[in-house]
Amino acid sequence: MTLLIAIVIVLGTSLGAIGFGRRSRSSSATMSNWAVGGRRFGAVLFWFMNAGEIYTTFAVLGISGYAWALGAPAYLAFTSVSLSYAIGYWLMPKIWRAGRKHGLITQADFFTARFDAPWLGAVTALVGIAALIVYVQIQLVSLSLIVRLTIGSAISPDAAVVVGALLMLAFVFLAGLRSAAFAAGVKDILMIVVMVLLTATVAGKVGASSFLDIFHLAEQQHPGIGSFPGIDPKSPTTSVWLMTSALNVALGNWVFPHLFQVSYSAASGSSIRRNAIWQPLYSLAYFFIILLGFAALVAGTKPEGGNLNAALLQFVSDKYPGWVIGLVAGTGFLLALAPGSVLLLTSGSLFARNVVGLAGRDLSDRSTLWICRLSMTVFAAVAVWLTIGQSKSLVDILLYAYSAIGMLAPGVFLSFLWRRTSAAGVLLGIAAGFVALLAPFAKDFWAAQLPAWEPGLIAMGINAVVAVLVSLCTPAPGARATAVGLDLTAPTAGPVTEAVRSAPHAGEASPA
Amino acid sequence: MASTQRRRQRRSGRHRPYRWLLVLPFVWQVALVPVVNDVSAAPFSIPFPMAWQMAGVLVASAVIGVVFLLDERAGVAAEEADFIAATEDTAGARQHSGDRS
């Protein structure tokens, strides 16, 4: 029963998504069409594209797990979306304009054009890919948990990770960006159904008088759970942790290559700005997820190996009938597969276009597509390798991913704000930031001096300072290049000379 | 040439002071976190810091909505329509579909 329902949901959505992606692809099969949806995403598709990238398995399993294990630190979820859009309202239309004006497809294209430096495009592409691989890990960890929920513990956790990766690759090979938006839409609706269903029935499952009573019971059993630092009074997750982590997420969010590309895909700046008004409200759904995490705690749920990521799934499989488990599992598969496919597609196109493209001549459709696919498979394998044998919380992995991508944030913001920003400044900023983030001496220093601070935010600050200082001593790029970030008005006269070489055709992402 | 570029860049960064309202969500959801952490009231049994963050989401939406309306009044939509028309060629799909066959 469980397995059947899960399979029906996943297969049904996949077929629908592929059909939807095909239908509109008739006119022109180009890189710009599958990577940025032909820049034609209106309000509805743009909404689901955004929501699809925000509400992933991280949202459901990671946040409920954090609520179960720590309590208050799960509130990070409420800050991530609203603060990102407060910045996005200003930033995303700029990215959209730059992309539209200069025919940009990837994030690295932007760096290439803004600094007239394809090598910087390649460097930023590699940084972006690294962060995306860490992000893929989140989907893999979740997929493996859901595989085990549906098939049973007969399959080992490591084998489940590999199965998860294969599922994701299968989905990616079949789907383009439009297909992913469709699958994202289905999974969002299913997620709301599941959340309402679980919340409506949860009080009876844990012996509370109403669903709100669960907060009361949790506070009774674990005094202090509802405020920082949470259940464990010695945990480093203090108010300062929330403040620095929330800022790090908000500043890094649009710098993720796939979200940068989402800005390109909009049909107009108004659709971006209008979306920014409503999208935060959607994050109130985290209320249900945190509630369920607390419910799992009150019910005394004990996930296998104390794995906090599995807390919600364990709770559901302890307390609910088979068809609910199947519904949760099917939804969970989609929650990982739809965003995961976008992450892999983005990393593949970055690699083919901005890394291999740097060395080679113009590549043919066929070879670009093959490079894309081959590199996506390799990246998925790397993510599997990183995932196997470790049991970090999904929230921690997410914060790692944000720390890594945060290294590109000063470059992006300065590009739009300061004419003098130079390629050397951006490069050395990235280098200094990574040293601050990864070097053992730096790590130890932050851990000792600022234990509650999110290290990613510290590294981002150092990165920004170095980028500014170096830019002051190095020449700014030419006027045509700086205009990519700073002159975002309509071109006045004459044909616009494209700052990047024209896009190679990648063909379709589907095998047809 | 360089000076016209510079002038246009300045014009594109035209001052819209009301956009600073977008800082408010950061004040609510970040700066005030330590202030509200020890409030013991629990509206609808929800721990106060959690209720505060949920209210913060509403505040953020409202603030972004207000800035949107002010932008509309400042004529951003009209300027943007011109931009879209002027960039039809570089937007991608059309340009590449032509040279495909």
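This structure is a prediction, so every number in the text was calculated from the model and none was measured. (Residues numbered from 1 in each chain as written. Chains lettered and ligands numbered in written order. Predicted model: local features only at pLDDT ≥ 70, side-chain atom pairs only at ≥ 80, totals over all residues.)

Undergrad: What's the story with the environment of Thr 201 of chain A in this structure? I'm lost.
TA: Residue and element names in this part refer to chain A. Positionally, Thr 201 belongs in helix H9 (residues 177–206). A count of 13 C-beta atoms within 10 Å places Thr 201 in the partly exposed class. In sequence terms Thr 201 and Leu 438 are 237 residues apart; their C-alpha atoms lie 45 Å from each other. (Helix = DSSP H or I, 4+ residues; strand = E, 2+ residues; numbered from the N terminus. Buried ≥ 20, exposed ≤ 12 C-beta atoms within 10 Å, placed from the backbone.)

Undergrad: Sorry if this is basic, but what is going on with the packing of helix H12 (residues 257–264) of chain A against helix H16 (residues 322–359) of chain A here?
TA: Between two packed helices, what matters for the description is the angle formed by their axes and the separation of those axes. Residue and element names in this part refer to chain A. Their axes nearest at 9 Å, the elements H12 and H16 cross at an angle of 90 degrees. In this view, H12 runs roughly perpendicular relative to H16, as classed from their interaxial angle. On H16, the residues that touch Pro 257, His 258 and Gln 261 of H12 are Val 342, Leu 343, Thr 346 and Leu 350. Residues of the contact of H12 with H16, tallied by class, amount to four nonpolar, three polar and no charged. (Axes fitted to C-alpha atoms, helices over the stretch in contact; angles between N-to-C directions. Parallel < 35°, antiparallel > 145°, perpendicular 65-115°, else oblique. Contact = placed C-beta atoms within 7 Å. Nonpolar A, V, L, I, M, F, W, Y, C, P; charged D, E, K, R; others polar.)

Undergrad: In this structure, what is going on with the packing of helix H10 (residues 213–221) of chain A against helix H14 (residues 286–298) of chain A? I would like to understand it.
TA: Residues and elements named next belong to chain A. Their axes nearest at 9 Å, the elements H10 and H14 cross at an angle of 50 degrees. Between H10 and H14, the angle falls in the class oblique. H10 and H14 meet at a crossing whose hand is left-handed. Between H10 and H14, the residues in contact are Ile 214, Phe 215, Leu 217, Ala 218 and Gln 221 and Leu 291, Phe 294, Ala 295, Leu 297 and Val 298, respectively. The residue makeup of the contact of H10 with H14, split by class, is nine nonpolar, one polar and no charged. (Left-handed = near helix turned anticlockwise from the far one by under 90°.)

Undergrad: It is not clear to me how the nonpolar core should be interpreted in this structure. Could you clarify?
TA: Soluble globular proteins: nonpolar side chains tend toward being buried together. Counting 207 residues, the largest nonpolar core has Ile 63, Ala 74, Val 136, Ile 214, Phe 294 and Ala 295 of chain A as the members making the most contacts within it. Beyond its immediate stretch of four places on either side in the chain, Ala 295 of chain A contacts Val 202, Val 206, Ile 214 and Phe 315 of chain A. (Core = buried A, V, L, I, M, F, W, Y, C linked by C-beta atoms within 7 Å.)

Undergrad: Any chance you could explain unusual backbone geometry here in plain terms?
TA: Most peptide bonds adopt trans geometry, and most residues besides glycine take a negative phi value. All names here are of chain A. Looking along the chain, the bond that leaves Phe 228 and enters Pro 229 is cis, with omega of 5 degrees. Of note in the backbone geometry, Asp 116 takes a positive phi value of approximately 50 degrees without being a glycine. Relative to the helices and strands, Asp 116 resides in the loop between helix H6 (107–114) and helix H7 (118–151). Judged by the 16 C-beta atoms lying within 10 Å of it, Asp 116 is partly exposed.

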